[in-house]
Amino acid sequence: MDKGTEEEKPLMLKIAQILDEARASNAIHNRKCKELYALRSKAASSGSSSIFFTSFCKTLLPLFAFQRRAASAERIVRFVSAFATAREPDRASESDAFLDEFLRFLLTATAASNRTARFRACQIISEIIMQLPDDAEVSSELWDEVIDCMMLRAGDKIPVIRTVAVRALSRFASDCENSDIVDLFLEMLPVEQIVEVRKTIVLSLPPSNVTAQAIIDCTLDVSESVRKAAYCVLASKFPLQSLSIKHRTLILQRGLADRSLAVSKECLKLMKDEWLNKCCNRDPLVLLKYLDVETYEMVGESVAGALLKDGEIKVPEGESIRQYILSNSERTEENSERCTPNIQLMEAEVALYWRMMCRHLQMEAQEKGSDAAFTMGTEAAVYAAEATDNNDHLERILPATISDYIDLVKFHIDAGPNYRFACRQLLLLGAMLDFSDTTNRKVGSTFVLELLHKPFDHEVDEYGNMVVIGDGINLGGDRDWADAVYGLASKVHAASGEFEEVVLRVVEELARPCRERTANFMQWLHCLAVFGLCLEKARSYLSIKGRAIEPAELLQSLLLPAAKHSHLDVQRIAVRCLGLFGLLEIKPSEELVKQLKFSFAKGPAPISIVACKALFDLGMWHQPQEVDRAIGQNMSSQLQDYDMTSSPLDISDTDGNWNPKLLDLLYAGLIKDDWDSSLASEENESVQGALGEGFAKILLLSENYKSIPARSNPLLLSKLITLYFSNESKELQRLKQCLSVFFEHYPSLSANHKESSKCISKAFIPVMHSMWPGINGNAGGSAPVVSNMRKRAVQVSRFMLQMMQAPLYAKETEVERDTRDQPEVIDGIVEAPLESGEEGLAIRIAAEVTAFPTKKTPAERSYVSALCRILVLLQFRLSEQGAIQLMRRLLIRVAESVLTEKDLLKECRQMADRLKALDKHPDVEMSQDQANLIFGRLELDFNLDSNISAEMPHTPAPCSSRPTRTRRRVRHEEGSSDEDSSPTSVVPNSVGPMSARSQRASKTAALTKITTASRAPTIDEDDEEEESSGVTSDEGSDGSD
């Protein structure tokens, strides 16, 4: 042994010298590897190969204890890995044996308890695997051990170890036999918290249908580096053709709109270098075809815009829209006689391509023209020349004449629905044409009239009924089509009031059969769609007055009869037009408001949704009081007097003199839970969802609606919170998204929203009252159901606390105004008053807790416990001395309510200590008048007991386990509840006659209970047995639960 050690020392010195020189630079690694080869060969030739391996490993041991990731240490790791993986041509078996033995040594080190040793071992293994040549001979058993070890280390608690383990496994992940590695990566990726580990996993995933979805999901990662890595992997491993259309569009949609410039550049690089240049042969039309722009139009626009901006699209000489039209001068005499142009139909991607090209040239010309106008001299001349070039290029692309353009559009319209997308793209080009010439304007006007007279497309079902194709609301059945028609019409009829005059003339013509009641439902829909376009685009009520038909006549003879039509599609579009008409009116008319209310209350779900939105729009535009005055209601709404679950208004009863106020009607609809949902509506909408969105808007903009009583805001907020967390709203994704955005912005939008914190504070207790099972008449259920209900209520309480603690910031541009009623602003942060701060919420919770009797039901005890757990999280400001003193007194009563919960009682005592430290006059007791003043500000009817003890109750000592000391109150019936008032007897544990000593002990215990009853509530052991260990326990409870 001593002899072996003596032989190792000089060899270790030589190896250490080589390693020390190798850590200085990567450039000398090859030379130093040869020196190590020579040492190994010399040792092998002398029969001491094991001595070389032992010396090599011992020399490396300091590296396993070196914690810093210095450059020199990283160079040694690379050098050692390169030496282990290299094979000498004449000594291949010797190299393989060394690698096998070295890997086993490293595998042992990966199980070390020291994190640095585990990391260095995994790091070297990872480097060896990445550098290992394909012809290396390693036994399958050893590779299996390495893979199993690295999969185990991929779950290590140290992130850097997980990183190198994933990197080591990446080389094996592409092997179909190692599918468990890919499964491990896919399992780790969603739950991994460390950015570098997620990035390494993404870079290690092999290309497949399963991994494609995971990598695309990472394009939404919170980390910029992970998103960028995802686009790098998609560019290098996934050709364009291997991805589905949905995946292609998702990748480009997210990448081009990414908030990080580095990520958007990576996505642009993927699109240009890989997809456009390699997969599409630099043809943008082929790329657009791969993206299915007819379905994903916005993505196609983003792609074309990005390529044009980057200069990747150049229009070849001679290519333009004109090549799809044979002009009049080029037509043969035969074609001229028939007046049929020779037109070639455009595919969807071609039409989008030319529209984006023309828009790009137009914007470039306008931008350069503006630059020329704001500069002088040579620079201005250069900008002007560039603007001229762009305009000339645009003119060469667009059709030569207006007639050619109209012929092209008409030809695509006549081609049928397959070319509707291309036709709409061509219609949008009309906004770039010049209609200043009288002849052009006349031709264009005729074409606009043809578009307005074009009815809805329809088909006939198996029963012979006509079915509208499209949404049945907008002109042409499509909002995009209606916008395209309006863009062309407004360009042709650009003079003030000319567009309204033309459209109303068409409406007057289309309305004749409707007014005569000879029109079918298709004619009603067409007429209302054209009139709806006019109402939507009209600037004011005066712009539609004095035209071919008066607005009042249209209301009486068209809109109101249409709202009562037997066909639901006609009712829906009529109600929408009524809402638009009411927005244009200076004051809403009585018949209009009544019809909207009736449609909301009595119509099916699709009609009620449209009527609900129209009523909210009218109320927010004209003010709710003005809408009520239109129907003769001069008194304000009584909404603040309602509760969360009931309303004095029955919206289903519309008989007699039914004339509800606007907000009363809408709130009654919000609390109604039996809306008809048999008819499916678009975009997963519901009546309650529309009502929730409307009330959220009113609360968010409450400062603009002074006529709405502020006292109703807590009621509305309470209802929105319960609606957001209810089981019924799980399917209403649109409502959930809307309310999530609302709750994020409502408490901290501006300094004017000091009322929002007050509103949250006042809504806290009503929300908890309405959600906690077993109190306030709330239904309970089985133990699991009650537990889930309590968990949801606790979640809501924490959610509202988070809203309360959101900081309020004052507007930077806020105008100076009277600040007598405004909260104090310190360093730009709004100091909320008492009723809007956490102090007000704490006092409300304390008053609620102390209002419960001493003997509580299990539901009440769990409810009080949940409130107290929120109470101890609230913070008090030093400036609110009155609230601090009041809370110190209330906290004693609160602590008495939770004596059985030691951890909660401890937190109450800690809160009392904090309040005492904040109190500037801890020895001065608050007077009853001061307390009443604070209760009045909080609108609480609470009588502060003057006999409250000045000391916090102590944590009760645990009961002794000695049998002779134990006394237990026994129930008469096992199934009796806490409210049973039958007397109970105190019996000793021992059986047999009592001694005089035990009688004296019983008397002493009884007297002690009597004297302490007035100071603190007694706690029965049967209550403790029924008490929940937590507010969400699953124990059985009495009937109140």
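Residues numbered from 1 in each chain as written. Predicted model: local features only at pLDDT ≥ 70, side-chain atom pairs only at ≥ 80, totals over all residues. Heavy atoms only, no water.

- The name given to the protein in an unreviewed UniProt entry is Nuclear condensin complex subunit 3 C-terminal domain-containing protein, and the organism recorded there is Rubus argutus.
- Listed under Sequence similarities (unreviewed entry) in UniProt, the entry text for the protein is "Belongs to the CND3 (condensin subunit 3) family."
- Recorded under Subcellular location (unreviewed entry), the UniProt text for the protein is reproduced unchanged: "Chromosome". (UniProt positions renumbered as here; feature names shortened; annotations may be inferred.)

## As for the overall build of the protein
Inference 1: When helices and strands are tallied, the protein shows 43 helices and 6 strands.
Inference 2: Within the protein, the proportion of its 1041 residues that are buried is 49%.
Inference 3: By element, 50% of the accessible surface of the protein is carried by carbon and sulfur atoms, the whole surface being about 51,700 Å². (Helix = DSSP H or I, 4+ residues; strand = E, 2+ residues; numbered from the N terminus. Buried < 20%, exposed > 50% of the residue type's maximum accessible area, 1.4 Å probe, protein only. Areas by Shrake-Rupley, 256 points an atom, 1.4 Å probe, with all protein chains shown as cover.)

## A closer look at the packing of helix α20 (residues 402-414) against helix α21 (residues 420-429)
Inference 1: Two elements in contact, α20 and α21, have axes whose closest approach is 9 Å; the angle formed by their N-to-C orientations is 160 degrees. Considering their axes alone, α20 and α21 lie roughly antiparallel with respect to each other. Crossing angle aside, the handedness with which α20 passes α21 is left-handed. Facing α20, whose interface residues are Tyr405, Leu408, Val409, His412 and Ile413, α21 presents Ala422, Cys423, Leu426, Leu427 and Leu429.
Inference 2: Along the lines of polarity and charge, the residues of the contact of α20 with α21 split into 9 nonpolar, 1 polar and no charged. (Axes fitted to C-alpha atoms, helices over the stretch in contact; angles between N-to-C directions. Parallel < 35°, antiparallel > 145°, perpendicular 65-115°, else oblique. Left-handed = near helix turned anticlockwise from the far one by under 90°. Contact = heavy atoms within 4.5 Å. Nonpolar A, V, L, I, M, F, W, Y, C, P; charged D, E, K, R; others polar.)

## Thoughts on the packing of aromatic side chains
Inference 1: For the coordinates displayed, the defined rule picks out 28 aromatic pairs.
Inference 2: Aromatic side chains phenylalanine 53 and phenylalanine 105 sit 6.5 Å apart centroid to centroid with 90 degrees between the ring planes, which places their arrangement in the edge-to-face category. Taken together, the residues span a long stretch of sequence, with phenylalanine 53 in helix α3 (residues 49-64) and phenylalanine 105 in helix α5 (residues 92-109) at a distance of 52 residues.
Inference 3: Using a relative accessible area of 9% as the deciding quantity, one classes phenylalanine 53 as buried.
Inference 4: Put simply, the rings of Tyr37, Phe52, Phe53, Phe56, Phe64, Phe83, Phe98, Phe102 and Phe105 touch in pairs and so form one group of aromatic residues.
Inference 5: Over the face of the ring belonging to tyrosine 724 we find lysine 736, whose NZ or CZ atom lies 4.5 Å from the ring centre. (Phe/Tyr/Trp six-rings, centres within 6.5 Å; stacked < 30°, edge-to-face > 60°. Lys NZ or Arg CZ within 6 Å of the ring centre and 35° of its normal.)

## Topic: helix α28 (residues 590-602)
Inference 1: The first and last C-alpha atoms of α28 sit 18 Å apart over 13 residues, in line with the 18 Å expected at 1.5 Å per residue.
Inference 2: Where α28 is buried, its residues meet α26 (551-563), α27 (568-584), α29 (605-622), α30 (624-630), α31 (662-671) and α32 (687-700). (Expected span 1.5 Å × (residues − 1).)

## Re the pattern of salt bridges
Inference 1: Summed over the entire model, instances satisfying the criterion amount to 46 salt bridges.
Inference 2: With a shortest N-O distance of 3.0 Å, arginine 118 and aspartate 156 are connected by a salt bridge. Taken together, the residues arginine 118 in helix α6 (residues 115-131) and aspartate 156 in the loop between α7 (140-153) and α8 (159-173) connect sequence positions 38 residues apart. Of the two residues, arginine 118 and aspartate 156, neither departs from the other in class, the shared state being buried.
Inference 3: We note a salt bridge from lysine 410 to glutamate 450, for which the minimum N-O separation is 3.4 Å. Separated by 40 residues along the polypeptide, lysine 410 in helix α20 and glutamate 450 in helix α22 (residues 438-453) bring together distant segments of the chain.
Inference 4: Classification of lysine 410 by relative accessible area gives partly exposed; the value is 29%.
Inference 5: Judged by its relative accessible area of 39%, glutamate 450 falls in the partly exposed class.
Inference 6: Through salt bridges that share partners, Lys272, Arg282, Asp310 and Glu312 make up one connected network. (Salt bridge = Lys/Arg side-chain N within 4 Å of Asp/Glu carboxyl O.)

## Quick word on the side chain of glutamate 585
Inference 1: Relative to the helices and strands, glutamate 585 is located in the loop between α27 and α28.
Inference 2: One buried charge, glutamate 585, has no salt-bridge partner; the nearest side chain with opposite charge is lysine 545, at 10 Å. (Lys, Arg positive; Asp, Glu negative; His and termini not counted.)

## Looking at unusual backbone geometry
Inference 1: Positioned with a positive phi, aspartate 292 is a non-glycine residue whose angle comes to about 55 degrees.
Inference 2: Within the element layout of this structure, aspartate 292 appears in the loop between α15 (284-290) and α16 (297-309).
Inference 3: Within the chain, glutamine 623 stands out as a residue other than glycine whose phi angle is a positive 80 degrees.
Inference 4: Assignment of secondary structure puts glutamine 623 in the loop between α29 and α30.

## Remarks on the packing of helix α13 (residues 245-256) against helix α14 (residues 261-279)
Inference 1: At a minimum axis distance of 7 Å, the contact between α13 and α14 shows a crossing angle of 140 degrees. Between α13 and α14, the angle falls in the class oblique. Contacts from Arg248, Ile251, Leu252, Gly255 and Leu256 in α13 reach Val263, Ser264, Cys267, Leu268, Leu270, Met271 and Trp275 in α14.
Inference 2: Among the residues making up the contact of α13 with α14, the classes are represented as 9 nonpolar, 2 polar and 1 charged.

## Remarks on the confidence of the model for the protein
Inference 1: Counting all residues, the mean pLDDT for the protein is 83, and 82% of those residues have values of 70 or more.
Inference 2: For the protein, per-element mean pLDDT is lowest for strand β6 (residues 986-987), which scores 30, and highest for helix α12 (residues 224-237), which scores 96.
Inference 3: Confidence over residues 1009-1041 falls short of pLDDT 50; this stretch has 61 contacts with residues more than four positions distant or in other chains. (pLDDT = per-residue confidence, 0-100.)

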